[in-house]
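# Architecture at a glance
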Amino acid sequence: MPCTVYQLGLIEYSKACYLQKEFLKKREDGETTDVLLLLEHPPTITIGKSGKLENILVSQAELTRMGIPLFLMDRGGDATYHGPGQLVGYPLIDLRGRKKDLHKYVRDLEEVIVRTLSDFSIEACGDKSHAGVWINGEEIAAIGLRVIRWISM
């Protein structure tokens with residue numbers, strides 16, 4: 001299936017959220033193919049639905065002093081730091097024709113990341129008990145998803 005890839009460079013987290021919502025609507029209406037947004041964020045911390053503020057190792061006052069915004073998100077996952085030099089991928093994929101199996105979708109995303117790293121001679125693997133991709137027990141790629149009407153974002 002076709003997928004359009006947009007390489008956006010460094011972009012504020014809030015703008016990336018806005019773009020995802022715009023592409024979600026277009027994908028749902030059949031106005032675009034599946035989309036993958038590739039980008040970096042300025043220093044930002046997000047907390048998913050299962051995350052806790054106490055998992056952030058500095059106070060909110062210190063984050064403010066450092067100019068690092070904090071976003072509480074409605075996706076899966078815990079506290080995540082995003083920053084320059086760190087590639088972020090936002091796939092907006094229509095899962096309606098793919099058996100609507102979220103566990104398989106997460107495993108497929110992990111496999112894409114593992115294969116991509118392999119192209120750079122980096123050995124990585126998934127972990128059946130945790131979503132994400134790992135190298136020698138260290139997480140190299142976190143996966144946090146939200147699915148709206150069977151379209152991932």
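Before any of the text, the structure's been laid out above.
In this report, we go over the structure that sits alongside the text. (Residues numbered from 1 in each chain as written. Predicted model: local features only at pLDDT ≥ 70, side-chain atom pairs only at ≥ 80, totals over all residues. Heavy atoms only, no water.)

## Some words on the overall build of the protein
- In terms of regular secondary structure, the protein is built from three helices and eleven strands.
- Going from the N terminus to the C terminus, the protein shows its helices and strands as β-α-β-β-α-β-β-β-α-β-β-β-β-β.
- Since a compact globule built from 153 residues should have a radius of gyration of about 15 Å, the 16 Å found for the protein is in line with a globular shape.
- Its C-alpha atoms give the protein principal-axis dimensions of roughly 45 × 35 × 30 Å.
- Out of the 153 residues in the protein, the part that is buried amounts to 35%.
- Here the contacts in the protein between residues at least 6 apart in sequence split such that 70% fall between residues at least 24 apart.
- Here the protein has roughly 9,700 Å² of accessible surface; of this, 54% comes from carbon and sulfur atoms.
- In the protein, 19 side chains carry a positive charge and 21 a negative one; their mean positions are 7 Å apart. (Helix = DSSP H or I, 4+ residues; strand = E, 2+ residues; numbered from the N terminus. Rg over C-alpha atoms; globule rule 2.2 N^0.38 Å. Buried < 20%, exposed > 50% of the residue type's maximum accessible area, 1.4 Å probe, protein only. Contact = heavy atoms within 4.5 Å. Areas by Shrake-Rupley, 256 points an atom, 1.4 Å probe, with all protein chains shown as cover. Lys, Arg positive; Asp, Glu negative; His and termini not counted. Charge placed at Lys NZ, Arg CZ, Asp CG, Glu CD.)

## What about the side chain of Gln20?
- Mapping Gln20 onto the fold places it in helix H1 (residues 13-28).
- The contacts of Gln20, once residues within four sequence positions are left out, are Leu37, Tyr90, Leu92 and Met153.

## Examining the packing of aromatic side chains
- Tallied over the full model, the rule gives two aromatic pairs.
- With a centroid separation of 5.1 Å and an interplanar angle of 40°, the aromatic rings of Tyr6 and Phe23 are classed as tilted. Here Tyr6 is found in strand E1 (residues 3-10), whereas its partner Phe23 is found in helix H1, with 17 residues between them in sequence.
- Among the residues examined, Tyr6 registers a relative accessible area of 31% and is labelled partly exposed.
- Ring geometry for Tyr13 and Phe71: centres 4.8 Å apart, planes at 40°, overall tilted. Of this pair, Tyr13 sits in helix H1 while Phe71 sits in strand E4 (residues 70-72), placing them 58 residues apart in sequence.
- Taking the ring centre of Phe23 as reference, the NZ or CZ of Lys26 above it sits at 6.0 Å. (Phe/Tyr/Trp six-rings, centres within 6.5 Å; stacked < 30°, edge-to-face > 60°. Lys NZ or Arg CZ within 6 Å of the ring centre and 35° of its normal.)

## Things to note about the environment of Ile68
- If you trace the backbone, Ile68 turns up in the loop between helix H2 (60-66) and E4.
- On the basis of relative accessible area, Ile68 is assigned to the buried category, the value being 15%.
- Taking C-alpha positions, Ile68 is 31 Å from Arg107, a pair spaced 39 residues apart along the chain.
- With residues up to four places along the chain from it excluded, the contact list for Ile68 reads Pro43, Thr44, Ile45 and Leu63.

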